[in-house]
Amino acid sequence: MEEHQGYDIIGDVHGCAHTLERLLELMGYRVQAGVWRHPQRKALFLGDIIDRGPRIREALHIVHGMVEAGEAQCIMGNHEFNALGWETRAPAGSGREYLRDHNERHLRLIGDTLEQFAPWPQEWSEFVEWFAQLPLFLDFGLFRMVHACWDARLIQPLREQYPDGRIDREFIEASVERGSFAAQTFDRLLRGTDMRLPHGMTMTGKDGFTRAFFRTKFWEEAPLTYGDVVFQPDALPTEIAARPLSDDQRAELLIYGPEQPMLFVGHYWQQGRPHPIRPNLACLDYSAVKYGKLVAYRWSGERHLDRDHFVWVDVPKLD
Ligand SMILES: [Mn+2]
C-alpha cells in the first residue's frame, strides 16, 4: 500500500449533500482549505451523485472538490451518463437532436438537477464536461468498482482502447447507435443486466416508471426460477417469481464468479442492514434519497469483505 491506509467506497449520493457530509464526518474526514480530507484515507465514489435529491449542486461541489484535490476518485453512474446524453448534440445524420431524447420520461429523471442548476448554467456545463471524464470502472487489483455490473466480455475490449476506463467524446457519441459496442458498454456497466417479463407483461415500480424488464443478479451460479435472479426493490408477482427459467435464459445470464476480486457496485436500491452479497461482492446503494441509508465500505487491505467494515448514516425525512 502507498502512503495512505485505505479507501472508503461510497454508494449513490443522489443529491443528498448533507447526508454525505454526515457520512464523511463519521468516517473522520474534515474540511481543510474547502475540501473534505482524511489524514490517512481516500474516498471512492460509485457514481450517481446527481438527480433526485434536495442538494445536487452542493453534492457535486463536495465530490468534485475532493477529486480535484486528489482526495477521492469517482466513477460514472447512469445518471451522469444520462446528463451527458441530455446535453450532447447528436452527430449529424443520426436522426436525433441530442444523444438522449428530450422526452417527458427523461426529463422527469433529470428535472431536479436542471432546476437546481437553473441559476448557474455555466457551472452546470462545467460539471457536464467533468462527467465525460469520469472512468466507467476502477480496478485496484484486490478490488474493483463499477456502477452496476462488471462484465469482463465488455470491460476487456474497453480496456484495450481506454486502459484507465476514461472514454472520449467519440465513444460517447457512438452510444447513440443502438447495439454498438459503446451503447452495450454503457448499458451493461452503468445499468446492469435485466430480463424481459413473460407474456409482454409490464410492472410499475416504486419510482412510478413502467417497465417490461426487471433487473437481474449477475452472480447467481445455479438459478432455477425468475425469483432466483430478480435483483430490484420491487418484488415480482408470486406466480412470475415461481416460473422456471428456460435453458436459453440461463445460458444468457452473466456470472461474476466467487473467485474474482472483490467488486463494489451501487445502483440497486438495497434495503435493510448493509451487508455483503457474497464474500467478494457488495452493493452500497441503500437508497439514501428515499430515506434509506448512505453507505460506505471501509477497505483496509482485506481480500474478503468484512461485514463490520460497512458504515452508514440514516437519511431523515427532512434532510
Ligand atoms: Mn444508478
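The protein chain carries the name Serine/threonine protein phosphatase in an unreviewed UniProt entry, which gives Halopseudomonas oceani as its organism.

Peer 1: Help me understand helix α4 (residues 104-117) in this model?
Peer 2: It helps to recall that an α-helix has 3.6 residues per turn; residues three or four apart then point in one direction. For α4, spanning 14 residues, the distance from its first C-alpha to its last is 19 Å, which sits close to the expected 20 Å at 1.5 Å a residue. Taken as a whole, α4 carries its principal kink of about 55° at Ile110. All of the buried residues along α4 are His106, Leu109, Ile110, Gly111, Thr113 and Phe117. Looking at the buried side of α4, the elements it contacts are α2 (56-68), α3 (78-87) and α5 (121-131). For α4, the side-chain oxygen to backbone nitrogen distance between the N-cap and Arg105 is 3.3 Å, and the N-cap itself is Asn103.

Peer 1: Just checking my understanding: could you explain the nonpolar core for this structure?
Peer 2: Note that soluble globular proteins tend to have their nonpolar side chains buried in a common cluster. The biggest cluster of nonpolar side chains holds 73 residues, and the ones touching the most others in it are Ile10, Phe45, Met66, Trp124, Phe131, Leu136 and Phe218. When residues of this core are assigned to their parent elements, the largest contribution, six residues, is made by α2. Excluding residues within four positions of it along the chain, Trp124 makes contact with Ile50, Leu60, Ala83, Glu87, Ile110, Thr113, Leu114, Phe117 and Phe131. Residues Leu44, Phe143, Leu284 and Phe310 belong to the second largest nonpolar core, which totals 18 residues.

Peer 1: So what exactly am I meant to see when it comes to the UniProt feature "domain: Calcineurin-like phosphoesterase" (unreviewed entry) in the protein chain here?
Peer 2: Under the local residue numbering, the UniProt record ascribes the feature "domain: Calcineurin-like phosphoesterase" (unreviewed entry) to residues 9-138. End C-alpha atoms of residues 9-138 are separated by 11 Å, and the span's content is 45% helix alongside 14% strand.

Peer 1: What is the right way to read the packing of aromatic side chains from this model?
Peer 2: The way to describe two aromatic rings as a pair is by their centre distance and the angle between their planes. Tallied over the entire structure, the rule returns 22 aromatic pairs. A ring pair is formed by Tyr7 and Trp299, whose centres lie 6.3 Å apart and whose planes are at 25°; its orientation type is stacked. With Tyr7 in strand β1 (residues 6-10) and Trp299 in strand β15 (residues 293-299), this pair connects stretches of sequence that are 292 residues apart. Residue classification places Tyr7 among the buried residues on the basis of a relative accessible area of 10%. For Trp299, a relative accessible area of 5% translates into the label buried. Ring geometry for Trp124 and Phe131: centres 5.9 Å apart, planes at 75°, overall edge-to-face. Exposure remark for Trp124: the relative accessible area of 7% places this residue in the buried category. Since its relative accessible area comes to 0%, Phe131 is described here as buried. Through pairs of rings, three or more aromatic residues link up here, namely Tyr7, Phe140, Phe143, Phe264, Tyr297, Trp299 and Phe310.

Peer 1: What's the story with the layout of surface pockets in this structure? I'm lost.
Peer 2: Unoccupied space between atoms shows up once a probe the size of one water molecule is rolled over them. Computed from the structure, the largest pocket encloses a volume of approximately 1,700 Å³. In this structure, the largest pocket is lined by 49 residues; those nearest its centre are Asn82, Arg100, Asp187, Arg191 and Asp194. Every element with two or more residues in the lining of the largest pocket is listed here: α3, α4, α6 (152-161), α8 (181-191), β8 (193-196), β9 (203-204) and β11 (213-216). When its residues are assigned to classes, the lining of the largest pocket shows 13 nonpolar, 16 polar and 20 charged.

Peer 1: Where do I start with the environment of Arg196 in this structure?
Peer 2: Mapped onto the elements, Arg196 comes out in strand β8. Residues Arg196 and Phe213 lie 17 residues apart in sequence; the distance between their C-alpha atoms is 4.3 Å. Arg196 has contacts with Ala212, Phe213, Phe214 and Tyr226, leaving out every residue within four places of it along the chain.

Peer 1: Help me understand the sheet that holds strand β7 (residues 143-146), please; the structure alone is not making it clear to me.
Peer 2: Sheet strands pair by backbone hydrogen bonding; their relative direction is either parallel or antiparallel. Pairing is mixed in the open sheet, where four strands are placed in the order β6-β7-β12-β13. Strands with a single pairing partner mark the edges of an open sheet, and in this sheet they are β6 (137-139) and β13 (281-283). Between one strand axis and the next, the sheet turns through 15° on average, direction left out of account. In this structure, strand β12 (residues 262-265) lies alongside β13, joined through three bridges in parallel fashion.

Scoring rules and cut-offs
Residues numbered from 1 in each chain as written. Predicted model: local features only at pLDDT ≥ 70, side-chain atom pairs only at ≥ 80, totals over all residues. Heavy atoms only, no water. Helix = DSSP H or I, 4+ residues; strand = E, 2+ residues; numbered from the N terminus. Expected span 1.5 Å × (residues − 1). Bend = angle between axes of the 7 residues up to and from the residue. Buried < 20%, exposed > 50% of the residue type's maximum accessible area, 1.4 Å probe, protein only. Contact = heavy atoms within 4.5 Å. Polar contact = N/O pair within 3.5 Å; in protein donor to acceptor, adjacent residues only side chain to side chain. Core = buried A, V, L, I, M, F, W, Y, C linked by side-chain atoms within 4.5 Å. UniProt positions renumbered as here; feature names shortened; annotations may be inferred. Phe/Tyr/Trp six-rings, centres within 6.5 Å; stacked < 30°, edge-to-face > 60°. 1 Å grid on protein atoms, 1.4 Å probe; cavity = no way out; pocket = protein on both sides within 12 Å on 5 of 7 lines; lining within 4 Å. Points joined across faces, edges and corners; volume = space filled by probe spheres on them. Nonpolar A, V, L, I, M, F, W, Y, C, P; charged D, E, K, R; others polar. Pairing = 2+ DSSP bridges. Axes fitted to C-alpha atoms, helices over the stretch in contact; angles between N-to-C directions.

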